[in-house]
Amino acid sequence: MATVQERMGVWKSESSGRRKGRARFTPKGRQVDLDALEEIRALLGDRPRRPDLLIEHLHRVQDAHGHLSAKHIAALADELRLSQTEVYEVATFYAHFDVVAEGEAPPAAITIRVCDSLACELAGAQALKRALEDEVDPASVRVLRAPCMGRCDTAPVLEIGHRHVDKATLDSANATITAGDFHPVMPDYQTLAAYRDGGGYEQLQRIRAGDRSIDDVQQAIGDSGLRGLGGAGFPAARKWGFVRAEKGTRYLAVNGDEGEPGTFKDRYWLEREPHLFLEGMLIAAAAVQAETVFLYLRDEYPAVLEILRREIEALEAAGLAPAGYIDLRRGAGAYICGEESAMLESIEGKRGLPRHRPPYVAQKGVFGKPTLVHNIETLHWIARVVREGPEILSGVEKNGRTGLRSYSVSGRVKAPGVKLLPAGSTITDLISAAGGMLDGHAFYAYQPGGPSSGVLPASLDDIPLDFDTLQPHGSFIGSAAVVIMSEQDRARDAALNMLRFFEDESCGQCTPCRVGCEKAVKLMQADSWDASLLEDLSVVMTDASICGLGQAAPNPIRLVLKHFSHEVGGSDHAPAVDGYGTDSPSAPAAGDPA
């Protein structure tokens, strides 16, 4: 049988058959470079060599060398006892890994990522990107477009290394490069000591001591009316019931991959009150008797990752969490990993490809075990409900809806940000809470819940923005990512921005989504849209895509055709106004208050 010498990676093959006497002492294909192998071993140190940690180890190589060379991929594969193909396919799936083939030059030492999501485009991101490309030396600085960074309230935004530049201009980007500090700016936040001074973790300790039963806690969650706040809106207490009914080992997986453009509520809470979330997480873990908690956070939040590293260590030191019980995992730039089954695949060290269902993750989740999956904000509210009672949500009512929502509001308003409002609030309420429209701008349209929710006209300003209220209008609240547009913008440009995002972020697993998004983008660039063809395409994508990305991607197309037909060649077609469109020369200059 073939064996691999542990140090040298030499293939020892016993001679047999017609090749007798002609033994081959190396495996076919790329050989392991011994210097690269030593570098990999030094980077990994005494960390486990488990396959599910592949993405974590790839991050260590990328952070240390600025890219993933062919020799390091081969060495890492050898060290983890994986095939080079397995490592390569994972590395090339995620946007934050720079795979460099043999003979290729590595990327420039400095990378600037310019956010091109809707809020940043409204604020002049395309003009800023062009200015940066004209200004920098490509030999030392590369400029890339990037999807939403979860900082829509400070648009336009760019990231240099791991340092975000808010309300970015060419001057501020140059100043950051000159300063040479590319580490994240750490916000002030509530530490463990401060949180415990206010009664933090008392309810968790009561539950663990048996002074408060899990059934009582689950009842409180059910009475509050809390639903999943990552977008799907499934009742939280029912999730607990499904997982608790399963036998054997169970896990909790926390979905912190807040990648829906326009959404930044999870980041908002984690940068201020991380322990409210962490206590809710540990309460949920206790409820289902989770053996391990996998905390998956998007890589675009480096400051939050550092906060969580520090505070998890503090929890372990205080005896509130066993060492290693909370397994913090770092995403790598893949929007699809916000889909729960794709996130579980990523936790297992694989490409983030959504799974077919059934079985559902509550039955067969991470590593094939029953798994409770919760969003960051959901766990934030679990802690508040357990501490303050279900009335904190059920006691708030507006327009026939109960509860509170953290709305991420950005776009053409004076005071963008996270607005904690009753769940029955309308878009008019949100604009008012955000300080009103910018001077010189009149309300024209809005994105109610991320790109998947499409674009609605200003005339629909009396709809409560909550679960189940927008479906009759062909939309949904999703993650409550609200972007306000004015009459200086075009809905068709917003829809094209959304479909380009879906085109880039499609995992490629299913043809209706992969090809459908690409074809839609091409069709949407025509001056006059072929409504019949776009609807045929939309039907196929909705009916045949595996997951919610492809199923919801046609929403922007359909809503523009329904409410803004004059922009796309409808019977009431009017000349297009100067908008922020991707290729529009009239895009606001970098730093414009618009």
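Keep in mind that this is a model prediction, so the values were computed, not measured. (Residues numbered from 1 in each chain as written. Predicted model: local features only at pLDDT ≥ 70, side-chain atom pairs only at ≥ 80, totals over all residues. Heavy atoms only, no water.)

(A) The arrangement of the sheet that holds strand β17 (residues 443-447) in detail. A sheet is described by the order of its strands in space; here five strands give the open sequence β16-β15-β19-β17-β18, paired in mixed fashion. Every other strand in the sheet has two partners, leaving β16 (417-422) and β18 (456-457) as the edge strands with one partner each. Taken together, the four bridges between β17 and strand β19 (residues 481-486) define a ladder with antiparallel strand orientation. Residue pairing across strands places Gln447 opposite Val483, the latter belonging to β19. (Pairing = 2+ DSSP bridges. Helix = DSSP H or I, 4+ residues; strand = E, 2+ residues; numbered from the N terminus.)

(B) Quick peek at the pairing of strand β15 (residues 404-411). Buried residues dominate β15, accounting for eight of its eight residues. Across the two faces of β15 the burial is the same, with Leu404, Ser406, Ser408 and Ser410 and Arg405, Tyr407, Val409 and Gly411 all buried. By the bridge criterion, six bridges tie β15 to β16 in an arrangement that is antiparallel. In the sheet register, Ser408 faces β16, and the bridge partner there is Val418. Linking β15 to β16, which pair antiparallel, is a turn of five residues. (Buried < 20%, exposed > 50% of the residue type's maximum accessible area, 1.4 Å probe, protein only.)

(C) Region of interest: the packing of aromatic side chains. Overall, the coordinates contain twelve aromatic pairs when judged by the stated rule. Their ring planes at 85° and their centres at 5.1 Å tell us that Tyr268 and Trp269 sit as a pair that is edge-to-face. Residue classification places Trp269 among the buried residues on the basis of a relative accessible area of 11%. Counting every residue linked through ring pairs, the aromatic cluster contains Phe93, Tyr94 and Phe97. One residue, Arg298, lies across the ring of Tyr301, its end atom 5.1 Å from the ring centre. (Phe/Tyr/Trp six-rings, centres within 6.5 Å; stacked < 30°, edge-to-face > 60°. Lys NZ or Arg CZ within 6 Å of the ring centre and 35° of its normal.)

(D) Summary view of the pattern of salt bridges. Tallied over the full model, the rule gives 41 salt bridges. A salt bridge links Glu348 to Arg355; the nearest nitrogen and oxygen atoms lie 3.0 Å apart. Like Glu348, the residue Arg355 is buried in the burial classification. (Salt bridge = Lys/Arg side-chain N within 4 Å of Asp/Glu carboxyl O.)

(E) Focus on helix α13 (residues 274-287). Taking 1.5 Å of rise per residue, the 14 residues of α13 would be expected to cover 20 Å, and the 20 Å separating its terminal C-alpha atoms lies within 8% of that figure. Counting buried positions along α13 yields 13 of 14 residues, so the element is predominantly enclosed. Gln289, located one to two residues past α13, shows a positive phi value of around 55°. (Expected span 1.5 Å × (residues − 1).)

(F) Structural context of the state of the cysteines. On inspection of all chains with the given rule, the structure shows zero disulfides. Cysteine Cys517 shares no disulfide, and the gap to the nearest cysteine sulfur, in Cys513, comes to 4.2 Å. Assessed through its relative accessible area of 0%, Cys517 is described here as buried. (Disulfide = S-S within 2.5 Å.)

(G) Inspection of the nonpolar core at higher detail. Core analysis: the biggest nonpolar cluster contains 77 residues, and Ile221, Phe277, Met281 and Leu295 have the highest contact counts within it. Ranked by the residues each element gives to this core, the list is headed by α13, at nine residues. Leave out the neighbours within four places in its chain, and Ile221 touches Leu226, Ala236, Ala237, Trp240, Ile382, Val385 and Val386. Residues Phe93, Cys337, Tyr444 and Ala520 belong to the second largest nonpolar core, which totals 71 residues. (Core = buried A, V, L, I, M, F, W, Y, C linked by side-chain atoms within 4.5 Å. Contact = heavy atoms within 4.5 Å.)

(H) A look at the pairing of strand β10 (residues 292-297). Of all six residues in β10, six are buried; the element is thus mostly enclosed. Side-chain alternation along β10 places Thr292, Phe294 and Tyr296 on one buried face and Val293, Leu295 and Leu297 on a second face that is also buried. When strand β9 (residues 251-256) meets β10, the two strands line up parallel, connected through six bridges. Within the sheet, the bridge partner assigned to Tyr251 lies in β10 and is Thr292. Pairing of β10 with strand β11 (residues 326-330) involves five bridges; the strand directions are parallel. Bridging across to β11, Tyr296 finds its partner in Arg329. In terms of handedness, the path from β10 via helix α14 (residues 302-317) over to β11 forms a crossover that is right-handed. (Right-handed = clockwise from strand over helix to strand, strands pointing away.)

(I) Region of interest: the confidence of the model for the protein. The share of residues in the protein with pLDDT of 70 or more is 91%, and the mean pLDDT across the chain is 92. Of the regions scoring below 50 in pLDDT, residues 1-17 engages in 30 contacts with residues more than four places distant in sequence or in other chains. (pLDDT = per-residue confidence, 0-100.)

(J) Representation of the environment of Pro451. Of note, Pro451 is situated in the loop between β17 and β18. The exposure class assigned to Pro451 is buried, which follows from its relative accessible area of 2%. Between the C-alpha atoms of Pro451 and Ser346, which are 105 residues apart in sequence, the distance is 23 Å. If sequence neighbours within four positions are ignored, Pro451 has contacts with Glu260, Pro261, Met498, Phe502 and Pro556.

(K) Region of interest: the packing of α13 against helix α16 (residues 376-388). Packing of α13 against α16 brings their axes to within 7 Å, and their N-to-C directions diverge by 85°. Overall, the two elements α13 and α16 adopt an arrangement that is roughly perpendicular. Mapping the contact onto sequence places Leu276, Phe277, Glu279, Gly280, Met281, Ile283 and Ala284 in α13 and Ile376, Leu379, His380, Ile382, Ala383, Arg384, Val386 and Arg387 in α16. Of the residues contributing to the contact of α13 with α16, the split by class is ten nonpolar, two polar and three charged. (Axes fitted to C-alpha atoms, helices over the stretch in contact; angles between N-to-C directions. Parallel < 35°, antiparallel > 145°, perpendicular 65-115°, else oblique. Nonpolar A, V, L, I, M, F, W, Y, C, P; charged D, E, K, R; others polar.)

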